[in-house]
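Here is what each chain is made of, one letter per residue.
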Amino acid sequence: PICPGLGARPRHPPVPPGLGKTGSPPFLTCAMVPGHGRICGNCVIDAIGCAVQGEGMHVRNVVVIAFPGVQPLDAVGPIEVFAGASRAARAQGHDAGYRVSLASTNGGTVWSDSGVGLSTIPLPDASGIDTLVLAGGNGSRAARHDATLMAWIMQAAPCCRRVATVCTGAFL
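Just so you know, these numbers come straight off a predicted model, no measurement behind them.

Asker: Tell me what's going on with the overall build of the protein chain, and back it up with residues and numbers.
Answerer: Across its full length, the protein chain carries three helices and eight strands. Taken from the N to the C terminus, the helices and strands of the protein chain come in the order β-β-β-α-β-β-β-β-α-α-β. Out of the 172 residues belonging to the protein chain, those deemed buried represent 34%. Long-range contacts, defined here as pairs at least 24 residues apart, represent 66% of the contacts in the protein chain between residues at least 6 apart. Of the roughly 10,100 Å² of accessible surface on the protein chain, a fraction of 59% belongs to carbon and sulfur atoms.

Okay, here's the thing in C-alpha cells:
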C-alpha cells in the first residue's frame, strides 16, 4: 500500500530477456539494465522500488524504536551512524542529512537490559518517516506483546522507504 502523500515510487525498468526467471524477482546489478541511470553496482532485490540517485538531498527522518530491555548498542549504534552521515554531508556543503529520533511506546526514559536509561519521545505519527530502525535486546520478547507498539509498527512500516532491524529487533 502507498501512504497518503507519498505518491507512487519509481521502479526499476523491466528485466531484459534472459536476465531473470519469469515470475521471480530479478537479482540484478543496476549496470545490467541499460538506460537505468543508477550507479551503484550492488546486487539488489527491488522489493518496493527505488529512487534515482542524484535527485537532490533533503532531510530524512529516521526513527529508532526502543523498549524496556533494549540492547543500548542496538539503538545508539544506528543513531551514531546516521549522525555521522549527516556530519559528512554538512562537511561537503550539503544542508541536508538525517533527523534521528529515539522513540518508545509512551516516551520518557526506557531502561535497557544493562541498566542504562535512554531518553525517548512517544511514538510519532507514522507519515513522514524515511527509515524505521527496530532495535533488539532481551526485552524484544516482551515488546512483541506490547499491542500499542506492534500496531504502530504495522501501520508505520509500509509507509517507510526503509525498515531495518538490529539483531532480535527482527522479531518485532
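Back to the text.
Asker: Describe the pairing of strand β7 (residues 131–134), and please don't skip the residues or the numbers.
Answerer: By the alternation rule, side chains of β7 split into T131 and V133 and L132 and L134, which are all buried. Taken together, the four bridges between strand β3 (residues 60–65) and β7 define a ladder with parallel strand orientation. Bridging across to β7, V63 finds its partner in L132. Two elements, β7 and strand β8 (residues 162–165), share four bridges in a ladder whose sense is parallel. Note on β8: the bridge partner recorded for L134 is T165.

Asker: Just give me the short version of the sheet that holds strand β4 (residues 98–104), but keep the residues and values in it.
Answerer: One open sheet holds the six strands; their spatial order is β5-β6-β4-β3-β7-β8, and the pairing between them is mixed. Strands with a single pairing partner mark the edges of an open sheet, and in this sheet they are β5 (106–111) and β8. Direction aside, the axes of adjacent strands within the sheet are offset by 30° on average. Packing against the sheet, helix α1 (residues 72–91) makes contact with β3, β4, β6 (117–122), β7 and β8, and its axis sits at approximately 165° to β4.

Asker: Run through the side chain of S86, naming residues and quoting values.
Answerer: Examined against the element boundaries, S86 turns out to sit in helix α1. Of the polar contacts made by the side chain of S86, one reaches the backbone nitrogen of Y98; its length is 2.7 Å. In this structure, S86 is in contact with G97 and Y98, ignoring residues within four places of it in sequence.

Asker: Which residues make up the confidence of the model for the protein chain, and what values go with them?
Answerer: If pLDDT is low for a region, its predicted coordinates should not be looked at in detail. Taken as a whole, the protein chain shows an average pLDDT of 78; of its residues, 67% reach a score of 70 or greater. Below pLDDT 50 for its whole length, residues 4–13 participates in 23 contacts with residues either more than four positions away or in separate chains. For residues 20–53, every residue scores under 50 in pLDDT, and the model assigns this stretch 52 contacts once sequence neighbours within four places are set aside.

Asker: Describe the pairing of β6, listing the residues and the values that go with them.
Answerer: Pairing analysis gives two bridges linking β4 to β6, with the strands arranged parallel. What sits directly across from S104, in β6, is P122. For β5 and β6, the ladder comprises five bridges, and the chain directions are antiparallel. Counterpart to N106 in the pairing with β6 is P122. Linking β5 back to β6 in an antiparallel pair, the connection comprises five residues, with G115 at a positive phi of about 90°.

Asker: I'd like a rundown of the environment of S104, residues and numbers included.
Answerer: Here S104 lies in strand β4. Looking at S104, the relative accessible area reads 4%, which means it is buried. Residues contacting S104, with those up to four places away along its chain left out, are A66, V110, T120, I121, P122 and L123. A polar side-chain atom of S104 sits 2.6 Å from a polar atom in the side chain of T120.

Rules and cut-offs
Residues numbered from 1 in each chain as written. Predicted model: local features only at pLDDT ≥ 70, side-chain atom pairs only at ≥ 80, totals over all residues. Heavy atoms only, no water. Helix = DSSP H or I, 4+ residues; strand = E, 2+ residues; numbered from the N terminus. Buried < 20%, exposed > 50% of the residue type's maximum accessible area, 1.4 Å probe, protein only. Contact = heavy atoms within 4.5 Å. Areas by Shrake-Rupley, 256 points an atom, 1.4 Å probe, with all protein chains shown as cover. Pairing = 2+ DSSP bridges. Axes fitted to C-alpha atoms, helices over the stretch in contact; angles between N-to-C directions. Polar contact = N/O pair within 3.5 Å; in protein donor to acceptor, adjacent residues only side chain to side chain. pLDDT = per-residue confidence, 0-100.

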